[in-house]
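Chains, contacts and geometry: an overview
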Amino acid sequence: AVLAHGEVTGHAHVIESPHVRITRDPDVVERARLQLVKMGILEPDARTVDAVIVVDDGAPSMLTHEEHEAHFVRPGIHALLRAREYVEPDVVRRVGD
């Protein structure tokens, strides 16, 4: 599962496991976004959830990238958020690689 592909470097964040799937189903993405709002992680009007990663029960899966250390992703449902940067007080744009 490729979570993000670098626009400039070509590097990618990848989870290689048969126990992982990514969904961009609008209903699933909206449920994840609302849960993050409820937890106080996102503002109510935030639209930064791009997809949802589902790691099936079992051992954690490894997230790798060519430019930094690997990380374990535990079983469960995880929102894939797009990084943002604030250019001006009222101007927000998505971060590119």
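Here the structure is shown first, and the text comes after it.
What counts, and where the lines are drawn
- Residues numbered from 1 in each chain as written.
- Predicted model: local features only at pLDDT ≥ 70, side-chain atom pairs only at ≥ 80, totals over all residues.
- Heavy atoms only, no water.
- 1 Å grid on protein atoms, 1.4 Å probe; cavity = no way out; pocket = protein on both sides within 12 Å on 5 of 7 lines; lining within 4 Å.
- Points joined across faces, edges and corners; volume = space filled by probe spheres on them.
- Helix = DSSP H or I, 4+ residues; strand = E, 2+ residues; numbered from the N terminus.
- Nonpolar A, V, L, I, M, F, W, Y, C, P; charged D, E, K, R; others polar.
- Pairing = 2+ DSSP bridges.
- Axes fitted to C-alpha atoms, helices over the stretch in contact; angles between N-to-C directions.
- Contact = heavy atoms within 4.5 Å.

To continue, consider the layout of surface pockets. Taken as a whole, the second largest pocket holds about 260 Å³ of empty space. Along the walls of the second largest pocket sit 14 residues, with Ala32, Val52, Ile77, His78 and Ala79 positioned nearest its centre. Elements supplying a minimum of two residues to the lining of the second largest pocket: strand 3 (20-23), helix 1 (26-38), strand 4 (49-55) and strand 7 (76-81). Here the lining of the second largest pocket takes five residues from helix 1, the largest share from any one element. Here the lining of the second largest pocket is built from residues that sort into nine nonpolar, three polar and two charged.

Here three strands make up an open sheet; going across it, the order is 3-4-7 and the pairing antiparallel. The sheet is open, and its two borders are formed by strand 3 and strand 7, each paired with just one other strand. If you compare each strand with its neighbour and ignore which way they point, the axes differ by 25 degrees on average. Running over the sheet, helix 1 touches strand 3, strand 4 and strand 7 and is turned about 95 degrees from strand 4.

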